[in-house]
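Per-entry structural report
Take a look at the letters that make up each chain.
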Amino acid sequence: MAKVRDSVGRDRRPEAAAVTGRMPATVLIVTFLILVASIAMVAWNVQNSRDRDALHLAQRDALLTSQALNASADEAAANLGRLLQSGRRLSGIEAEEIGVDSLISLQAAKSSNDERNRQLAEMAASMIEAGRRLRLTPSNELMLVHPLDEQSGIISRVSLNQWLKGANQAQRIILDGDRTVSIGGQGVAPPTTTILSQGHGYRYSGLFDRSLTACAPVDGAAFSLCLNRSSPLLTADNGIQLLLYLILLTAPALAVCGLYSSLSSRADTVAPSSEDAPRSTRMDQAAFNGRVGAWQVALQSGDAWINDDAARLFGLQFSGELTVPQLLEQVFPDHRNHLRNLIDGCRAGQPFTTTIATAMSRGETWIELRGGLDDTGAGQTQSVSGIVLDVTETMRQRERHKSSEARLRQAIEHFPAPFALWDNKQRLTFWNDAFSELFGLEDVVRVGVGYETVMLARSANVISERGSHDDSNVTVVGLRNGQWLKVVERRSPAGGLITFGLDVTRDVKSEDELTQQKKKLRATVEELARSEGHNAELARKYNEEKAKAERSADSKSAFLANMSHELRTPLNAINGFSEILVNQMYGPLGDKRYSEYAHDILTSGQHLLDMINDILDIAKIEAGKMTIDPKPIDLVDPVDAAVRMIRRKAEDKSIELSLQAQEPLPEVDADHRAVRQMMLNLLSNAIKFTDPGGRILVVVQQKNDFVRVAVRDTGVGIPKEHLPRLAQPFEQVQETRERNYDGTGLGLALTKSFAEMHGGRFSIASEVGRGTMVSFYLPVSKDTARPKVSVA
């Protein structure tokens, strides 16, 4: 290279050498900084990817938890609906049978003495009006409303832990509505209103301490469901990954330092001018910057040459000189002959472009080769050269596109409704089997057939055709097989036409039936108009008869009350004197039969007095004069007293009578005398219908906000169809067994009335041949502490 001189003839080459020495050092420093930035961006991208995956997983888990909650509500509603449709009343349905903690009707809740039940009734009414079924109660429970009509329904309550699964130390489940309630997640930062209002995302409570929140809606609920998980920024995996990045950064740093030291010692070397560089060098530089591989093959000798990028794409560890067979070994076996033929075809001056797979990747990596015959002088060896590009991602996208298109075609072909695709000249290009079978076009359809031809052939299988008032491109078609289709035609973006049909047979038939019903309704309205006067007369007579019935019921109650009082006075005398005779207080009676007769008189008198007392209590209840004096008591006391009072009667019949009470039990607001009377009624019935050698078990246990008292016997049982009427006054089931004595049928009715007067409820469950279980529930005293629930 010629020296460059200035205007005075001095040699400027040393100055150029100094500049040339400084440039590589700057390039190395910039390269090292770019490498550091790249590794940092990779680490940041990996962390972001992990955070997105964790967030997507949390969103999925929140949606699954929401669906599980809805599934539990659906199952409870289905069980309740099934039991109601089977004819069972709400009072005879146990909450455990439908998977909830308590059941109460909307009307009973409205008229309840318990302020909490009345509050639940107001919430349930607003939910029915809003079309919702799930809500949080003030006591932090889930409330499920089962509407019966627009103004009545059934209220179920269940604890959060029963229907919400997945809460643990590392995960908090949050229900966010008009109030926010959460369970679990003792190790997770508690939720705040700010977190829930912002929805999905990460929240930091320190430099490295953070939590993840994901929310999902709950169908039919007045709240949304969120999951709050602990997601620390610095974990063991992150630390190992950071250490790996530092190791990866150390090797390039050492290499850069070595190159910098080497280049510093060559600072006096003058780099050649880019203007004097040969054209091949510039081409090599361009290929290197573009990551394009270069190759060349000598046709006569079979020698080949590849550069570094081509070696990388072919899967070779070296570049430079090699033979054609060595090069072909790096090609997938199925593509080797094809590439060899293309190279040989270049002798005639034909360039080529082909896509092949490499052998090392077993067909997973694809490259594109472009080449042609080199322009060499006369007498020089012919050679072929070209470039090689990585087209793996392009091939994968092409395969994914083909796979998607194949799945789409398969879905359309198996779609039960007709579908057809026309080009911009209205020629048929694609259709499914339903299109040809429903319209009877098996012998007509083929690729390229015209639209008019198909429509003309279709008319042979069409008996009716109606246009749509809303859309001119929609037609309702009736087929000969009785099926109705809504045929829709839409223009595609490419100018073609899409035809598809929907089965609307049921809609058309329903519309026809609706027309007939309208005609019948019109005739009915006319008939009602003619009979309006007759209905008014019937309504007047109905009101008169209703008033008579009410007066009769009042008279009956007054008569029963007066009669009971009149009969109790002589009965007390009879019982007293007969008891004196039985006990022989004033000496022996003489004949032994006198004692037996006196004992029969006393037994009959006591039985008659019990019947009169029951009738008097029923009369008081119906007249609204019965009162109770509820006080906070331990329910086990009156229950145990009744068991001790009647134990002798059970022992006389060889029946095992036992009491099981849960400890501890909360106090209940109840009348001690009324509870004892309820237990005596239930135990008397159980002994009456249990054979000698049987067993009677009394259980006292807490059920949510109620204390349940259950009397279970091994008696003859009661048929299922008779259960709903047993708690009615004077109702008996004579078919259960032949009894030695009769009763009034008032025991269960009194027990049910007393339970409802306490704000509780009553239930009966029985199976013929296995026994009967009668239960009543009394509400826990308001002063009793409730379990704590975490509330935000």
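Above this text sits the structure in question.
A short tour of the structure in this document, coming up. (Residues numbered from 1 in each chain as written. Predicted model: local features only at pLDDT ≥ 70, side-chain atom pairs only at ≥ 80, totals over all residues. Heavy atoms only, no water.)

**Thoughts on the overall build of the chain**
Along its length, the chain carries 20 helices and 28 strands. Expressed as a percentage of the 792 residues in the chain, the buried residues total 38%. Intrachain contacts of the chain at a sequence separation of at least 6 include 54% that bridge at least 24 residues. As displayed, the chain offers around 46500 Å² of accessible surface, 53% of which is attributable to carbon and sulfur atoms. (Helix = DSSP H or I, 4+ residues; strand = E, 2+ residues; numbered from the N terminus. Buried < 20%, exposed > 50% of the residue type's maximum accessible area, 1.4 Å probe, protein only. Contact = heavy atoms within 4.5 Å. Areas by Shrake-Rupley, 256 points an atom, 1.4 Å probe, with all protein chains shown as cover.)

**Focus on the state of the cysteines**
Applying the stated criterion to the full structure yields 1 disulfide. A sulfur-sulfur separation of 2.0 Å characterises the disulfide bridge that pairs Cys 215 with Cys 226. Classification of the bridge connecting Cys 215 and Cys 226 rests on its S-S torsion, roughly 105 degrees, and on that basis the disulfide is right-handed. Of this pair, Cys 215 sits in strand S8 (residues 210-217) while Cys 226 sits in strand S9 (residues 224-230); the two residues are 11 residues apart in sequence, bridging distant segments of the chain. (Disulfide = S-S within 2.5 Å.)

**Structural notes on a nonpolar patch on the surface**
Residues Leu 242, Leu 243, Leu 246 and Ile 247 make up a contiguous nonpolar surface patch of about 400 Å² in total accessible area. Among the secondary structure elements, Leu 242 is positioned in helix H7 (residues 236-264). For Leu 242, a relative accessible area of 51% gives the class exposed. (Patch = residues over 30% accessible without salt bridge, like charges linked within 9 Å, V, L, I, M, F, W, Y side chains within 5 Å. Salt bridge = Lys/Arg side-chain N within 4 Å of Asp/Glu carboxyl O.)

**Here's the deal with the nonpolar core**
Of all hydrophobic cores here, the largest spans 42 residues; its most connected members are Met 679, Leu 683 and Phe 776. Elements with a minimum of two residues in this core: helix H18 (636-652), strand S24 (668-670), helix H19 (672-688), strand S25 (695-703), strand S26 (706-713), helix H20 (747-757), strand S27 (761-767) and strand S28 (771-779). It is H19 that contributes the most residues to this core, 9 residues altogether. Sequence-distant contacts of Met 679, defined by excluding residues within four places in its chain, comprise Val 639, Ala 642, Val 698, Val 709, Val 711 and Phe 776. Core analysis: the next-biggest nonpolar cluster, separate from the first, contains 30 residues, Val 100, Ile 183, Phe 223 and Leu 225 among them. (Core = buried A, V, L, I, M, F, W, Y, C linked by side-chain atoms within 4.5 Å.)

**Observations regarding a negative patch on the surface**
On the surface, a cluster of negative charge is contributed by Glu 413, Asp 433, Glu 437, Glu 442 and Asp 443. On the secondary structure map, Asp 433 appears in helix H13 (residues 433-438). Taking relative accessible area as the criterion, Asp 433 reaches 48% and is therefore assigned partly exposed. (Lys, Arg positive; Asp, Glu negative; His and termini not counted. Charge placed at Lys NZ, Arg CZ, Asp CG, Glu CD.)

**Section: the pairing of strand S21 (residues 497-503)**
Put simply, side chains in a regular strand alternate between the two faces of the sheet. As paired elements, strand S16 (residues 419-422) and S21 share 4 bridges and run antiparallel to each other. Opposite Trp 422, over in S21, you have Leu 497 as the bridge partner. Two elements, strand S20 (residues 484-491) and S21, share 7 bridges in a ladder whose sense is antiparallel. From the neighbouring strand, Glu 489 faces S21, where its bridge partner is Thr 499. The antiparallel pairing of S20 with S21 creates a hairpin that spans 5 residues between the two strands, and Gly 495 there sits at a positive phi of about 95 degrees. (Pairing = 2+ DSSP bridges.)

**Examining helix H14 (residues 451-458)**
Listing the buried residues of H14 in full gives Tyr 451, Val 454, Met 455 and Arg 458. Buried residues of H14 fall within an arc of 100 degrees about the axis and therefore sit on the same side. For H14, the exposed residues lying more than 90 degrees away from the buried face are Glu 452 and Leu 456. On its buried face, H14 is in contact with S16, H13, strand S18 (462-467), strand S19 (474-479), S20 and S21. (Arc of directions from axis to C-beta.)

**Description of the sheet that holds strand S2 (residues 134-136)**
Each strand in a sheet pairs with another by means of backbone hydrogen bonds, the pair being arranged parallel or else antiparallel. Pairing within the open sheet is antiparallel, and its 4 strands lie in the order S1-S4-S3-S2. Single-partner strands in this sheet number two, and they are strand S1 (102-105) and S2. Pairwise comparison of adjacent strand axes, ignoring direction, gives a mean angle of 25 degrees for this sheet. Pairing of S1 with strand S4 (residues 153-158), which is carried by 4 bridges, proceeds in the antiparallel orientation. (Axes fitted to C-alpha atoms, helices over the stretch in contact; angles between N-to-C directions.)

**Concerning the sheet that holds S26**
Taken together, 5 strands build an open sheet; the order of strands is S23-S25-S26-S28-S27 and the sheet is mixed. Of all the strands in the sheet, the pair left with one neighbour each is strand S23 (656-661) and S27. The average angle at which neighbouring strand axes cross in this sheet is 15 degrees, direction not considered. Of the strands in this sheet, S23, S25, S26, S27 and S28 touch H19, which is tilted by about 25 degrees from S26. Most of the contacts of H20 go to S27, to which it runs at about 140 degrees, and overall it touches S27 and S28.

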